[in-house]
Protein chains: 2
Amino acid sequence: MLEPRDFQQNALLGLLPQEELNRLLPHFEEVTLTLGQSLCESGQHMNYVYFPLDSIVSLLCVMENGASTEIAVVGYEGVVGVSLFMGGETTPSRAIVQSAGKALRLKGQLLKNEFYRAGPMQRLLLRYTQALLTQMAQTAVCNRHHNLDQQLCRWLLLSLDRLRGNELIMTQELIANMLGVRREGVTEAAGKLQRAGLISYHRGHINVLDRLGLEERVCECYSVVKDEYDRLLNHHNVM
Amino acid sequence: MLEPRDFQQNALLGLLPQEELNRLLPHFEEVTLTLGQSLCESGQHMNYVYFPLDSIVSLLCVMENGASTEIAVVGYEGVVGVSLFMGGETTPSRAIVQSAGKALRLKGQLLKNEFYRAGPMQRLLLRYTQALLTQMAQTAVCNRHHNLDQQLCRWLLLSLDRLRGNELIMTQELIANMLGVRREGVTEAAGKLQRAGLISYHRGHINVLDRLGLEERVCECYSVVKDEYDRLLNHHNVM
DNA sequence: AGCGCTATGTGCGATAACGTACAGAGTTTA
DNA sequence: TAAACTCTGTACGTTATCGCACATAGCGCT
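Residues numbered from 1 in each chain as written. Chains lettered and ligands numbered in written order. Predicted model: local features only at pLDDT ≥ 70, side-chain atom pairs only at ≥ 80, totals over all residues. Heavy atoms only, no water.

Side note on the packing of aromatic side chains
Here the distance between the centres and the angle between the planes together describe a pair of aromatic rings. Residues and elements named next belong to chain A. Cut-off, in case you're wondering: Each aromatic pair joins two rings of Phe, Tyr and Trp (for Trp, the six-membered one) with centres within 6.5 Å, and gets the label stacked for planes under 30 degrees apart, edge-to-face for over 60, and tilted for any other angle. Think of it this way: any DSSP run of H or I at least four residues long counts as a helix, any run of E at least two long counts as a strand, and we number them from the N terminus. Categorising residues by exposure relies on relative accessible area from a 1.4 Å probe, with only protein chains included: less than 20% of the type maximum marks a residue as buried, more than 50% marks it as exposed, and the intermediate range marks it as partly exposed.
Applying the stated criterion across every chain yields a total of twelve aromatic pairs over all chains. Their ring planes at 70 degrees and their centres at 5.0 Å tell us that Phe7 and Phe28 sit as a pair that is edge-to-face. A residue pair is termed long-range when its members are at least 10 positions apart, and Phe7 in helix α1 (residues 4–8) and Phe28 in the loop between α3 (18–24) and β1 (29–33) qualify at 21 residues. For Phe28, a relative accessible area of 6% translates into the label buried. Measuring from centroid to centroid gives 6.4 Å for Tyr48 and Tyr50, while their planes differ by 55 degrees, and the two rings are tilted. The exposure classification of Tyr48 matches that of Tyr50, with both residues buried. Members of the aromatic cluster, joined through ring pairs, are Phe7, Phe28 and Phe51.

Following this line, the structure appears as structure tokens:
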């Protein structure tokens, strides 16, 4: 049986009133997500929704030729599987574990039942979905208007916000897949950050040395997304 | 007083059971939307939601330097103002009329009341929101991976699907703002389509001469979005 | 130690889109 | 009718990213 404090590790669940949480408590399962694991394939039904604790999940749009782009990232502040309660059951996107760690999972049907009580859980999940919408929109603009250097900063900061420490375990190849660019492009952009002393890079391990430095370089997209999450999912506004 | 058949012009309202519609019927207002009119500014509260009949509205992400990109387009199949019922009240994006025409509008509070009955209207609006989500995600990928020629085809087809005839009233300058590219780029891409006999172009009037030709040139993004709208908002699946 | 695999770094020509400038044609206004 | 304005077309050098090729370095395995 999970302890109440386990739930506080996920910010979304942490916002729920205790009685709502209690109803679901026995049905949660803690699972370990491994790097690269797929939680959802394009067009497939999901059996579970996942509330990350210290793991990070990327939502990817995959194209016919195999090229992909990350459209949003989900960590302890959110949930993977919004299409379940939105009513579509499936989405055309994939959910891939970008950073290994723990998550709480819940059977899709149970979440749907809770959602359709039209109480705090519904309000919360809808506000979260709107934040996700903003993240996707901003990703679209960023892809259009900002250069790779800035996009890499945005990606690093969004990931960092969802982790405890300052270390990311992620090869340049994988980052390139997320951003939808060439691996060489990431090498070059990351090289600049490394020479500027903002990060150190070593065979799949990125250490962020100077977070403020990254924030100076990043495009506005980062703070637009962050501010909107803060606004929509802050304790005062939600309940 | 509006006639029931007026409502059938909006596909979303057309999917609602009669009794649901009857409850709201007295509160709808028909309005004329003019080209370039703003229905919603970034971060502003919306007082109304709009159900387009024969008008088209673009959702734009505007950046600090004024550059913009369309992240989704809404026509007779949808509604402008999802942030109202999603709970966030505002969004960081703008809603601009891209093609003049009629729409039905409803006071935001009335829609929210209806939404929180947790009945057919809620189910419908949530499914629509998921479709919107897909459109945004696909826009992000398309911005990344496809060239301007293909994106223009996608944009023309998405607009065409939301219009009665084959004529679009839209300057190259405006299309460029939507796609987030240079006006000259649109001139060039449109020139290719014109020379190929697919469209004819004259001072803000585009006539689509060969729709199938456009569908042959367009990237997969168009059909991903269209298929997902069809799946999520088709009569058999919704109610 | 030696081999193979993986991750990173670098170089270079090709390409798409950019910024800018300007010309011409059509439309509106004075 | 002339002037002003709007929309479209064209040209050209610049830049960011791509695609490809290949070098180097770290790590694991035998």
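Things to note about helix α6 (residues 120–145) of chain B
This is how the line gets drawn: To estimate how far a helix should extend, the number of its residues minus one is multiplied by 1.5 Å.
The first and last C-alpha atoms of α6 of chain B sit 38 Å apart over 26 residues, in line with the 38 Å expected at 1.5 Å per residue. Burial runs high along α6 of chain B: 23 of the 26 residues are buried.

Side note on the side chain of Ser83 of chain B
Rules: Residues are treated as being in contact if the distance between any of their heavy atoms lies within 4.5 Å.
With respect to the element layout, Ser83 of chain B can be found in helix α4 (residues 82–86). Ser83 of chain B sits in the buried class, given a relative accessible area of 4%. Apart from residues lying up to four places away in sequence, Ser83 of chain B is in contact with Gln130 of chain A together with Gly88, Glu89, Thr90 and Thr91 of chain B.

Re the domain arrangement of chain A
Residue and element names in this part refer to chain A. Worth spelling out the cut-off: An automatic or database domain assignment supplies the start and end points of every domain. As used here, buried area is the combined drop in accessible area, with a 1.4 Å probe, of two parts when they are placed together. Salt bridges are identified by distance alone: a Lys or Arg side-chain nitrogen within 4 Å of an Asp or Glu carboxyl oxygen. Distance and chemistry together define a polar contact, namely a pair of N or O atoms within 3.5 Å, with one atom able to donate a hydrogen and the other to accept it when in protein, and with adjacent residues in sequence counting only for side-chain atoms on both sides.
Splitting chain A by domain gives domain 1 (4–117) and domain 2 (144–226). Distance between the C-alpha centres of domain 1 and domain 2: 24 Å. In total, about 1200 Å² of surface goes out of reach between domain 1 and domain 2, with carbon and sulfur atoms giving 57% of it. The interface formed by domain 1 and domain 2 includes one salt bridge. Taking the shortest distance from any N to any O, the salt bridge between Arg162 and Glu77 comes out at 3.2 Å. Applying the counting criterion to the domain 1 and domain 2 interface returns six residue pairs in polar contact (both at pLDDT 80 or more). Mapped by element, the contributors of at least two residues to the side of domain 1 that touches domain 2 are β4 (56–62), β5 (68–74) and β6 (93–99). The element that contributes the greatest number of residues to the side of domain 1 that touches domain 2 is β5, accounting for five residues.

Description of the protein's contact with DNA strand C
Rule in force here: Any residue with at least one heavy atom within 4 Å of a molecule or strand is counted as near it. Throughout, the ten residues Ala, Val, Leu, Ile, Met, Phe, Trp, Tyr, Cys and Pro are labelled nonpolar, Asp, Glu, Lys and Arg are labelled charged, and all others, Gly among them, are labelled polar.
Residues in close proximity to DNA strand C total 16 residues, the closest being Gln172 and Arg183 of chain A together with Leu148, Arg182 and Glu184 of chain B. Each atom of DNA strand C within 4 Å of the protein belongs either to a base or to sugar and phosphate, the latter forming 52%. Within the side chain of Arg203 of chain A, a nitrogen or oxygen atom sits 3.0 Å from a base oxygen of DNA strand C. Examining the composition of the surface near DNA strand C, we find that four residues originate from one element, helix α9 (residues 183–195) of chain A, more than from any other. Partitioning the surface near DNA strand C into residue classes produces three nonpolar, seven polar and six charged.

Quick word on the interface of chain B and chain A
Contacts between chain B and chain A engage 45 residues on the former and 45 residues on the latter. Between chain B and chain A, roughly 3700 Å² of surface is buried when both sides are summed, and carbon and sulfur atoms account for 62% of that area. Looking at the side of chain B facing chain A, the largest losses of area belong to Met63, Met86 and Arg144 of chain B, adding up to 18% of the total buried there. For the pair chain B and chain A, the number of links is zero salt bridges. Counting every contact that joins chain B to chain A gives 26 residue pairs in polar contact (both at pLDDT 80 or more). Of all the secondary-structure elements, those providing two or more residues to the side of chain B that touches chain A are β5 (68–74), α4, α6 and α11 (220–232) of chain B. No other element matches the 16 residues that α6 of chain B contributes to the side of chain B that touches chain A.

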